[in-house]
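One-letter residues, chain by chain:
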Amino acid sequence: MLFRSELEALDAVFGALAHQARRTILAVLHARGGEMTSGAIAARFEHSWPTTSQHLSVLAKAGLVTIVMRGRERVYRLDAAKLHAVAGAWLDRFGPT
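Being a predicted model, the structure only gives us computed values, none of them experimental. (Residues numbered from 1 in each chain as written. Predicted model: local features only at pLDDT ≥ 70, side-chain atom pairs only at ≥ 80, totals over all residues. Heavy atoms only, no water.)

(A) Geometry of the nonpolar core. Within the largest apolar cluster, 19 residues are counted, with the highest numbers of intra-cluster contacts made by I25, L26, L29, I41, L59, L64 and V65. Of all the elements in the fold, those that place two or more residues in this core are α1 (4-17), α2 (20-31) and α4 (49-61). Among the elements that make up this core, the one with the highest residue count is α2 (five residues). The residues touching L29, leaving out its near neighbours within four places in the chain, are G34, E35, M36, I41, V65, Y76 and L78. (Core = buried A, V, L, I, M, F, W, Y, C linked by side-chain atoms within 4.5 Å. Buried < 20%, exposed > 50% of the residue type's maximum accessible area, 1.4 Å probe, protein only. Helix = DSSP H or I, 4+ residues; strand = E, 2+ residues; numbered from the N terminus. Contact = heavy atoms within 4.5 Å.)

This is the structure we're talking about:
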């Protein structure tokens, strides 16, 4: 049985993963060593900065990325442990018994 906090975490993580652009951002962060500036992330997409910013905000709210300020730049860091903890635990429920 899942607790309310676990259900909320599942909703946030799977909601964040529901959009292709957000999955791509996570994959790019992973491929680039786990962190990139917001500008470097935005440069990889054809949509506007506000759209990219919105996707990054959803990822941050889900806890899949953290934001660190370096001077005036925002650096986004992948939190793969959070992804594994939430999504992995849910997927493990469907493993062999």
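(B) Expanded view of the environment of F94. On the secondary structure map, F94 appears in the segment after α5 (80-92). For the pair F94 and L17, spaced 77 residues apart in sequence, the C-alpha to C-alpha distance is 19 Å.

(C) Inspection of the pattern of salt bridges at higher detail. Applying the stated rule across the entire model yields three salt bridges. Between R70 and E35 there is a salt bridge; the shortest N-O distance is 2.6 Å. Of this pair, R70 sits in strand β2 (residues 65-70) while E35 sits in strand β1 (residues 35-37), and the two are 35 residues apart along the sequence. Between R77 and E35 there is a salt bridge, with its nearest N and O atoms 2.8 Å apart. Here R77, found in strand β3 (residues 73-78), pairs with E35, found in strand β1; they are 42 residues apart in sequence, far enough to count as distant. Among the charged side chains, a salt-bridge network with shared partners connects E35, R70 and R77. (Salt bridge = Lys/Arg side-chain N within 4 Å of Asp/Glu carboxyl O.)

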